[in-house]
Structure formats: C-alpha cells, structure tokens
Amino acid sequence: GIKVESPQASSVISSPLTVKGNANVYDGKVIIKIVDSYGKVLGQGEAVACMGYNACEFDAIINFNSTQSEAGILQVYNPSGVDASPKYLQQILVRF
C-alpha cells in the first residue's frame, strides 16, 4: 500500500512540491500527479519505493504549472502491472 506523509490534507502548496511517504507496491513504482479542480494535470513525476514485505520511504520533487483554481488534488498511486490503472490510489486535497 501507500501512505503519504507530506503534504498534509488542505495544505497550501507551491512549485516545486516535495512529496514524502511510505510504500510497498508492485515494482516499487509510485506515480504522483497534481490535478486542479478543473481536472487538468498541472504536474507529475515518479518515486521509487519498495516491493516486498515491508514498506520503505519515498520522496519526489514535483514541478507544476500555475492555475486559476484555488484547490486541487494530489494523486499518489501504483500503476497496475496489467493495464497501468491506479492501484492504492491516495487522493489528498491541496490548496494553491
């Protein structure tokens, strides 16, 4: 699974954003996206975590574009090995 430690829900974020957490997922791959309230992807990146018995820390620095939106969603997930659909999706409300 995935647990996001930072940023916390309802945090005001700015670019570049450091995302930290713990994960134990397929291929150790964690995808991070910042999406505004209009559904536009403002920025995205990847982090490396663990695949095995124990979770390990991950962190990534994500650059993202500005938006007229006041709020958005930080999405953190592991892509399925079958069809790349989001697994263990964590969605965190953020403010700009």
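Residues numbered from 1 in each chain as written. Predicted model: local features only at pLDDT ≥ 70, side-chain atom pairs only at ≥ 80, totals over all residues. Heavy atoms only, no water.

Undergrad: Quick question: what am I supposed to make of the pairing of strand β7 (residues 71-79) here?
TA: Strand residues, when the strand is regular, have side chains that alternate between the two faces of the sheet. Burial within β7 is extensive, with seven of its nine residues counted as buried. In the sheet, strand β4 (residues 29-36) pairs with β7 via six bridges, with the strands oriented antiparallel. Bridged to aspartate 36 within β7 is glycine 72. Looking at chain direction, β7 and strand β8 (residues 86-95) are connected through eight bridges and run antiparallel. Counted as the bridge partner of alanine 71 is arginine 95 from β8. (Buried < 20%, exposed > 50% of the residue type's maximum accessible area, 1.4 Å probe, protein only. Helix = DSSP H or I, 4+ residues; strand = E, 2+ residues; numbered from the N terminus. Pairing = 2+ DSSP bridges.)

Undergrad: Looking at this model, I keep getting lost on the sheet that holds strand β1 (residues 2-6). Mind explaining?
TA: The strands that make up a sheet pair up through hydrogen bonds in the backbone, lying either parallel or antiparallel. Spatially, three strands are ordered β1-β3-β6 in an open sheet, and the strand pairing comes out antiparallel. Each of the sheet's edge strands pairs with one partner strand only, and the pair in question is β1 and β6 (56-62). Adjacent strand axes in the sheet meet at a mean angle of 30 degrees, parallel and antiparallel pairs treated alike. (Axes fitted to C-alpha atoms, helices over the stretch in contact; angles between N-to-C directions.)

Undergrad: Would you explain unusual backbone geometry in this entry?
TA: Leaving glycine aside, a negative phi is the common case for residues, and trans is the common case for peptide bonds. Across the junction of serine 6 and proline 7, the peptide omega takes the value 10 degrees, indicating a cis bond. Take proline 7: it is sitting in the loop between β1 and β2 (11-12). The omega torsion across serine 15 and proline 16 is 0 degrees, close enough to zero to call that bond cis. Mapped onto the elements, proline 16 comes out in the loop between β2 and β3 (17-23). The phi angle at alanine 84 is positive, at roughly 65 degrees, despite the residue not being glycine. Among the structural elements, alanine 84 can be located in the loop between β7 and β8.

Undergrad: Help me understand the sheet that holds β4, please; the structure alone is not making it clear to me.
TA: Judged by pairing direction, the sheet is mixed, and its five strands sit side by side in the order β2-β8-β7-β4-β5 without closing on themselves. Each edge of the open sheet is held by one strand with a lone partner, namely β2 and β5 (41-48).

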